[in-house]
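The lines below spell out each chain.
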Amino acid sequence: MAANDKPNINLTLAALEAEVAKPEPFVLGLKNGKRITFPDLFDMPVDEGNEFFKDLEETGQNDFAFLEKWLSEKDFEAYKAEKIPMRVHAALVERVMNYYQQTVGKPGEGAASAS
């Protein structure tokens, strides 16, 4: 390669971002018509997204620390105000985990490692 030759660019971040589908974040409708929105993993930096998944997988079924950390303060307060029974809370945590796993895959099990 000569000193003034430029390497071919096979892909740009802008092209990749336009190509990749962006699912919606998980939204829970509450009884009073309010909605709470879980983080949009696709707008998070990779390290924060990995931290979200780690926290989600490690959370216990009665652990509000996960919700307090990842929901906005307004959404967390609205969730607490609902006085949701433990069985419903546990089912919600499971549904949130399933949603994100189906949306982005389990950490470490992306398409590259599946081959």
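**Student:** Go over the overall build of the chain with me, naming the residues and quoting the values.
**Tutor:** When helices and strands are counted, the chain shows five helices and two strands. Helices and strands appear in the chain in the N-to-C order α-β-β-α-α-α-α. With 115 residues in all, the chain has 30% of them scored as buried. Within the chain, residue pairs in contact and separated by at least 24 positions form 57% of the contacts whose partners lie at least 6 positions apart.

**Student:** Pulling in residues and values, what's your account of the confidence of the model for the chain?
**Tutor:** Mean pLDDT over the chain stands at 80; residues scoring 70 or higher make up 83%. Here helix 1 (residues 13-19) stands out as the element of the chain with the lowest mean pLDDT, 78, in contrast to strand 1 (residues 27-29), whose mean of 95 is the highest. Contacts for the low-pLDDT stretch residues 110-115, under 50 throughout, to residues beyond four places or in other chains number one contact.

**Student:** Go over the side chain of Asp55 with me, naming the residues and quoting the values.
**Tutor:** As for its placement among the helices and strands, Asp55 is situated in helix 2 (residues 46-58). In contact with Asp55, not counting residues within four places along its chain, are Phe66, Lys69 and Trp70.

**Student:** Requested: an account of the packing of aromatic side chains, with residues and values cited.
**Tutor:** Under the criterion given, the structure shown has nine aromatic pairs. A ring pair is formed by Phe52 and Phe53, whose centres lie 6.5 Å apart and whose planes are at 75°; its orientation type is edge-to-face. Considering the side-chain rings of Phe64 and Tyr79, the 5.8 Å spacing of their centres and the 50° angle between planes classify their relative orientation as tilted. In this pair, Phe64 is assigned in helix 3 (residues 64-70) and Tyr79 in helix 4 (residues 73-81), connecting sequence segments 15 residues apart. A relative accessible area of 31% places Phe64 in the partly exposed class.

**Student:** Explain the nonpolar core residue by residue, including any values.
**Tutor:** As a rule of thumb, nonpolar side chains are buried together in soluble globular proteins. One finds Ile36, Phe38, Phe52 and Tyr100 to be the most contacted residues of the largest nonpolar core, which totals 21 residues. Of all the elements in the fold, those that place two or more residues in this core are helix 2, helix 3, helix 4 and helix 5 (86-104). For this core, the leading source of residues is helix 5, giving four residues.

**Student:** How would you sum up the side chain of Asp40? Please name residues and give values.
**Tutor:** By secondary structure assignment, the location of Asp40 is in the loop between strand 2 (35-37) and helix 2. Of the residues examined, Asp40 reaches a relative accessible area of 17% and is grouped as buried. What Asp40 contacts, discounting residues up to four positions off in sequence, is Lys22, Pro23 and Pro25.

**Student:** Describe the environment of Glu68, naming the residues involved and giving the relevant values.
**Tutor:** One can find Glu68 in helix 3. A C-alpha to C-alpha distance of 9.7 Å links Glu68 and Lys80, two positions 12 residues apart in sequence.

About the cut-offs
- Residues numbered from 1 in each chain as written.
- Predicted model: local features only at pLDDT ≥ 70, side-chain atom pairs only at ≥ 80, totals over all residues.
- Heavy atoms only, no water.
- Helix = DSSP H or I, 4+ residues; strand = E, 2+ residues; numbered from the N terminus.
- Buried < 20%, exposed > 50% of the residue type's maximum accessible area, 1.4 Å probe, protein only.
- Contact = heavy atoms within 4.5 Å.
- pLDDT = per-residue confidence, 0-100.
- Phe/Tyr/Trp six-rings, centres within 6.5 Å; stacked < 30°, edge-to-face > 60°.
- Core = buried A, V, L, I, M, F, W, Y, C linked by side-chain atoms within 4.5 Å.

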